[in-house]
Number of protein chains: 2
Amino acid sequence: MSDVRVTIATGTTWQEVAADRQRHRDATIGALQPPLPELALKELPLNVTGLCQDTLSEQELAITGANVEDLAPKLASGEWSAASVTSAFLRRAGLAQKLVNCVTELLPKAALKRAAELDEYLAAHGKPVGPLHGIPISVKEHLAMKGLDLNAGFVSWVGRVAEDDALILKILWEAGAVFYVRSTQPQTLMHLETSSNLYGVTVNPSNTTLTAGGSSGGEGALVGLRGSILGIGTDIGGSIRSPAANNGVFGFKPTAGRLPVNGWSATMAGSEGILGTIGPLSTSLAGLELFTKSVVAGKPWLTSPDLVAMDWKENYSPFEGRKLKIAVMWEDGVVMPHPPITRALEGVVEKLKTSSVVDVVEWKPWRHDLAWEIIAGLYFCDGGADETAAINASGEPWRPLSKFILDENPHMKHYDIASLWAACAQRNEYREKYAALWNATGDGGDMVDVILCPVGPGVAPKLDTSRYWGYTSQWNLLDYPAVVFPANDRVSVEKDGGSLEYQPRGEKDVYNWNLWKEHGAEGYKDAPISLQLVARRYEDEKLLKALEIVLKQSGLPATVSQ
Amino acid sequence: MSDVRVTIATGTTWQEVAADRQRHRDATIGALQPPLPELALKELPLNVTGLCQDTLSEQELAITGANVEDLAPKLASGEWSAASVTSAFLRRAGLAQKLVNCVTELLPKAALKRAAELDEYLAAHGKPVGPLHGIPISVKEHLAMKGLDLNAGFVSWVGRVAEDDALILKILWEAGAVFYVRSTQPQTLMHLETSSNLYGVTVNPSNTTLTAGGSSGGEGALVGLRGSILGIGTDIGGSIRSPAANNGVFGFKPTAGRLPVNGWSATMAGSEGILGTIGPLSTSLAGLELFTKSVVAGKPWLTSPDLVAMDWKENYSPFEGRKLKIAVMWEDGVVMPHPPITRALEGVVEKLKTSSVVDVVEWKPWRHDLAWEIIAGLYFCDGGADETAAINASGEPWRPLSKFILDENPHMKHYDIASLWAACAQRNEYREKYAALWNATGDGGDMVDVILCPVGPGVAPKLDTSRYWGYTSQWNLLDYPAVVFPANDRVSVEKDGGSLEYQPRGEKDVYNWNLWKEHGAEGYKDAPISLQLVARRYEDEKLLKALEIVLKQSGLPATVSQ
């Protein structure tokens, strides 16, 4: 990472670089045909999720209202052309940008060309090119796309141009996908929000005073507004799950080593104390699964030998002849979730307890505070030197959450080899301890299958307040697959407005509780409520099957409706 | 690793510590009933492999002459009692110690107690406790056995007593194994020989002027003499394969992350730039497979979450309906193997080429010199500080090959975080490059399945000359599974005594070639000749199936005969 370029054109200021990126973004949206209407920004309500309905055509609404599992057969049969589908999503994504600032660029030319080729292929061969034929997939700007900028959220990195597509994009392309939009990411990529000096702040479509989450917050907002029904995020501490949860959509962080991360842009290349992951956000559970199994079917381990050569288990029925055993973790022993989260979790658990195919037990969290200490140190083994240099190289200001995770991170240090080894050994010990807890829940078929828990200590936070990662980073430290799903409910003054007595247990708990006390249900109004399901390492297939059962047994839909 | 204890009893010299360990070893052998005869050491021939026949009873010879696949059904049916089998192997292992110095202690009391319990179980239940019921397994001293010394080959570590059994031993125990002997390891564990100040030098049963290999050289010699038919070794650069090859037995280094290494003793805990592995040495290919699948069946990943949750593929037929495609790597482009190796490889390839179920192509090695630079640096990221401290703490002298790999290793450095990341990134790049080479050999079913190559640059080397690791460490760097098999041939003056013109290409090649020029066929007389088969990462099952075919098609036995 020695060749940090200060700006596109040496000598310009960071503001000029950012303005240039934004001009480029706006130009790609301006190129849409027919053009999108100008929105009168001052008149927008806090909840903008209904506004697409007013702007898009009936056909565009029908297309963008479909989920992956509906779209795929219509595209494969030719009932809907890839061109019309791509066009509808391009327009809805452009609109999403105007509403919540989630796009870094549209790719109308490349996407429509690809769509036309797919339509020609189908016409000529009478069959789709693959399982994702014509499915539009949105892509976090983090991922390399040949010829496009690859800046990792740093102004100083603007001008680095990808020489090749990320491996996952190549595989999805082979399966028939159409890439049509790139989405926002925060400075450093290490926020649970999406705020950068390049593109500003991505806000939450359900309540624009709240964050869309991060670091895949552009994806979260885009899928939340159905500017995409399937997007690619990345997650090393919650970066897929926070935006999925904040926007009330499905999001899946698989076990590391199952999906290829080659070709993402990040500092600290070669660091491996904590492994980042890549995965889908979608308006449906089926979308997550189709995405994941299509990538695995591409045998990415043959190209990227850091991956595990493990086929996706098809027709897998881990719960045949026995109950699904779910352990509920109400809170993590460090920070108590806000009332809407606990209310939603109670609602789901109550229904699960009446199910005949599910066993519900309690999960006792073990030292999640220690888990955070370990992971917060291992994130930045060079004491944040690489990140700091990448921010400072352009003179751009530090965003508040960059300061939080780098400057104000008490667990960060610049390791030497001996202390790094000790930290890795401590991490391994923690993992073994947690495995032992899991083993102690039963014997073979009687063991806990999944943990049901919050995704965060509240719904989508107010901007710049997402300072508690523990509910998601816990599962990164353990490298457990985790999936986020909407509880099909939102914060409301009626349900969540009551007064509550709670005595916080420590600094972090106080901070989080004050956020609720200060803003109350009114402050988080309309924010989607989501929950998280977690399985043991490599049990990705089991996790998605379990979620199917959880949804069914608790009466929740497996899709997000328009 | 802060609590380095200088000796068992503080204040004693390293010589006293070593003498005490040896007294203990001799006492465990002396406890055998009936006692072993004293050997007249000065009369021993260079090749001592025939001497067990003269010393053991007919029944003991029958038992220790059986391979795992013969022994298992006889033990399961009760035809042979676990007690008689254990007793026979105890005695043969004791004899092996007297011949080649490969044992650190026998465990007659614990082993015979265990055997008696197994016999009782079988009598009471009419069925074996598991697939390894009564199978005696020898264990490299490297592995923790509760209550026994765990010194990693350092005098200063003597007195560290294992608090628990290594996980792999627990699983093998559940499967019915009997542990009856611990075997020698070298100082630092980082030699391809077995020489320590605690127990001296383990020599080769086929020619005692040669090394048994290392670092699992105790196992190699023990299995070579059938003092064991199934033993556990460990391998981070060749430490299973070198002793297997030098002793003409089967040895298997699986992909890292498939078998559990928890509970081995080593410096540099928490280091993960290069992952060590654990695996079997055996007198038969079936022994390797039974061992490996029995361990995997114990689902070690539930306890040791660094492992991959991957079941052993049973009834796996990767070559049905197509040919096995073998790429032959004659030499690695750095060091030319000695004539007997090339002769044996030619013999096998010639036969394979006539087979109708095999395709033979050539493998072009790519920068194996660079591979060595990368791995030799990553072995000791602290510049060897931990190893050096462990040697020096007792005042014991440095063994020659400790000096070679630590003091004279030009690629070793004390990394900081930035240079460690760069080294890991370079390693990843090398791995991707090699994967691309493999991918370029064909498309899907047409791709090369396995590489057939030498195990080392010669047969078992003269003592203290095993300085070239490249033929084995290459596959550790790539984390490819690799299996060693005997070519059923030995060095002989008739076959290998001719004069040869060869112009070595560089310092390492000169060193290796001079070893042959200096000693010739006569110097390596009777040394077994072995070869190596290598597959891609995680293709462990495929590799063993491929070896089955290679042996059959080239007319080689899948067992070592007595």
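What you see is a predicted model; the values in this text were computed from it and never measured.

The next thing to look at is the UniProt feature "domain: Amidase" (unreviewed entry) in chain A. Here, the residues flagged by UniProt with the feature "domain: Amidase" (unreviewed entry) are residues 85-544 of chain A. Helix and strand shares over residues 85-544 of chain A are 37% and 16% respectively, and the end C-alpha atoms of the span are 27 Å apart.

This part is about the UniProt feature "active site" (unreviewed entry) in chain A. Residues and elements named next belong to chain A. UniProt records the feature "active site" (unreviewed entry) for K140, S215 and S239 in the present numbering. The annotated residues occupy 100 residues of the chain but converge on a single region, no pair of C-alpha atoms lying more than 11.0 Å apart. Looking at the secondary structure, you find K140 in strand β2 (residues 136-140). Beyond its immediate sequence surroundings of up to four residues, K140 is in contact with S183, Q185, L189, S215, S216, E219, I232, G233, T234 and S239. Following the sequence through the fold, S215 ends up in the loop between β7 (207-211) and α8 (217-224). If we ignore the near neighbours within four places in the chain, the residues touching S215 are K140, T184, Q185, P186, L189, H191, L192, E193, T194, T234 and S239. A distance of 3.4 Å separates a polar atom in the side chain of S215 from the backbone oxygen of L189.

So, on to the relation of the copies chain B and chain A. Screw-axis analysis of chain B against chain A gives a translation of 0.0 Å along the axis, an RMSD of 0.0 Å, and a rotation angle of 180°. Those values place the two copies in the arrangement expected of a two-fold rotation axis. When each C-alpha of chain B is compared by its distance to the rotation axis, B:D416 comes out closest, at 2.9 Å. Of all interface residues in chain B, 100% are interface residues in chain A too; the two copies therefore contact each other through one and the same surface.

What follows covers the packing of aromatic side chains. Any pair of aromatic rings gets described here by the distance separating the centres and the angle formed by the planes. If you walk through the whole model with that rule in mind, you get 36 aromatic pairs over all chains. Aromatic pair A:W363 and A:Y434: ring centres 5.8 Å apart, planes at 35°, arrangement tilted. With A:W363 in the loop between β12 (358-362) and α12 (368-378) and A:Y434 in helix α15 (residues 417-439), the pair connects residues that are 71 residues apart, well separated along the chain. No difference in accessibility class separates A:W363 from A:Y434, as the two residues are buried. Note on A:Y502 and A:W513: the rings are 4.6 Å apart at their centroids and 55° apart in plane angle, and the pair reads as tilted. In this pair, A:Y502 is assigned in the loop between α17 (493-496) and α18 (507-523) and A:W513 in helix α18, connecting sequence segments 11 residues apart. Under the relative-accessibility criterion, A:W513 is labelled buried at 5%. By the ring-pair criterion, three or more aromatic residues cluster together here, those being A:W363, A:W366, A:Y430, A:Y434, A:W438, A:W475 and A:Y480. Above the face of the B:Y316 ring, B:K313 is positioned so that its terminal group lies 5.3 Å from the ring centre.

So, about the sheet that holds strand β2 (residues 136-140) of chain B. Residue and element names in this part refer to chain B. Judged by pairing direction, the sheet is mixed, and its 11 strands sit side by side in the order β1-β3-β2-β8-β10-β9-β14-β15-β13-β11-β12 without closing on themselves. Pairing within the sheet leaves two strands with one partner each, and these edge strands are β1 (103-106) and β12 (358-362). In this sheet, neighbouring strand axes are inclined to one another by 25° on average, regardless of whether the strands run parallel or antiparallel. Of the strand pairs in this sheet, strand β9 (residues 250-253) and strand β14 (residues 482-490) are connected by three bridges, and their pairing is antiparallel.

Let us now look at the interface of chain B and chain A. With 34 residues of chain B in contact, the opposing surface of chain A contributes 34 residues. Taking both partners together, chain B and chain A bury about 2,800 Å²; carbon and sulfur atoms supply 60% of that area. Inspection of the region where chain B meets chain A yields two salt bridges. Among the ionic pairs, A:R427 bridges to B:E272, the shortest N-O distance being 2.7 Å. Here chain B and chain A share 12 residue pairs in polar contact (both at pLDDT 80 or more) between them.

Before going further, it helps to spend a moment on the pairing of strand β10 (residues 277-282) of chain A. Residue and element names in this part refer to chain A. Most of β10 sits inside the fold, with six of its six residues counted as buried. Taken together, the six bridges between strand β8 (residues 230-235) and β10 define a ladder with antiparallel strand orientation. Residue pairing in the sheet places L230 in a bridge with S282 of β10. The sheet contact formed by strand β9 (residues 250-253) and β10 spans two bridges and is antiparallel. Residue G251 lies in a different strand from β10, and its bridge partner there is L281.

So, on to the state of the cysteines. Tallied over the full model, the rule gives zero disulfides over all chains. For A:C381, which is in no disulfide, the shortest distance to another cysteine sulfur is to A:C424 and amounts to 6.7 Å. No disulfide involves B:C102; its nearest neighbouring cysteine sulfur is the one of B:C52, lying 9.6 Å away. According to the relative accessible area criterion, B:C102 is buried, its value standing at 0%.

This next bit is on the pattern of salt bridges. Evaluation of the coordinates by the stated rule reveals 54 salt bridges over all chains. Notably, a salt bridge pairs B:K495 with B:D489, separated by 2.9 Å at the nearest N-O pair. Where salt bridges share partners, they join A:R322, A:D449, A:E539 and A:K542 into one cluster.

Further remarks concern the sheet that holds strand β3 (residues 178-183) of chain A. All names here are of chain A. Ordered in space as β1-β3-β2-β8-β10-β9-β14-β15-β13-β11-β12, the 11 strands form an open sheet in which the pairing is mixed. Of all strands in the sheet, those bounded by a partner on one side alone are β1 (103-106) and β12. Between one strand axis and the next, the sheet turns through 25° on average, direction left out of account. Helix α10 (residues 285-297) rests against β2, β8, β9, β10 and β14 (482-490) of the sheet, and its axis sits at about 140° to β10.

Residue and element names in this part refer to chain A. Between its first and last C-alpha, α18 extends 22 Å over 17 residues, near the 24 Å set by a 1.5 Å rise per residue. A maximum bend of about 50° is found in α18 at K517. Three or more residues of α18 are buried, namely D509, N512, W513, L515, W516, G520, A521 and G523.

All names here are of chain A. With respect to the element layout, Y468 can be found in the loop between β13 (450-454) and α16 (470-477). Here Y468 falls in the buried class, since its relative accessible area comes to 13%. Y468 has contacts with L192, D332, V334, V335, P457 and K508, leaving out every residue within four places of it along the chain. Looking at Y468, its side chain comes within polar contact range of the side chain of D332, at 2.5 Å.

Turning to the pairing of β12(B), a few remarks are in order. Residues and elements named next belong to chain B. Looking at chain direction, strand β11 (residues 324-328) and β12 are connected through five bridges and run parallel. In the strand pairing of β12, K325 is matched with D359. Chirality of the crossover, the property in question, places the unit of β11, helix α11 (residues 339-353) and β12 among those that are right-handed.

Parameters and conventions
- Residues numbered from 1 in each chain as written.
- Chains lettered and ligands numbered in written order.
- Predicted model: local features only at pLDDT ≥ 70, side-chain atom pairs only at ≥ 80, totals over all residues.
- Heavy atoms only, no water.
- UniProt positions renumbered as here; feature names shortened; annotations may be inferred.
- Helix = DSSP H or I, 4+ residues; strand = E, 2+ residues; numbered from the N terminus.
- Contact = heavy atoms within 4.5 Å.
- Polar contact = N/O pair within 3.5 Å; in protein donor to acceptor, adjacent residues only side chain to side chain.
- Least-squares fit on C-alpha atoms with pLDDT ≥ 70 in both.
- Phe/Tyr/Trp six-rings, centres within 6.5 Å; stacked < 30°, edge-to-face > 60°.
- Buried < 20%, exposed > 50% of the residue type's maximum accessible area, 1.4 Å probe, protein only.
- Lys NZ or Arg CZ within 6 Å of the ring centre and 35° of its normal.
- Pairing = 2+ DSSP bridges.
- Axes fitted to C-alpha atoms, helices over the stretch in contact; angles between N-to-C directions.
- Buried area = accessible area lost by both parts, 1.4 Å probe.
- Salt bridge = Lys/Arg side-chain N within 4 Å of Asp/Glu carboxyl O.
- Disulfide = S-S within 2.5 Å.
- Expected span 1.5 Å × (residues − 1).
- Bend = angle between axes of the 7 residues up to and from the residue.
- Right-handed = clockwise from strand over helix to strand, strands pointing away.

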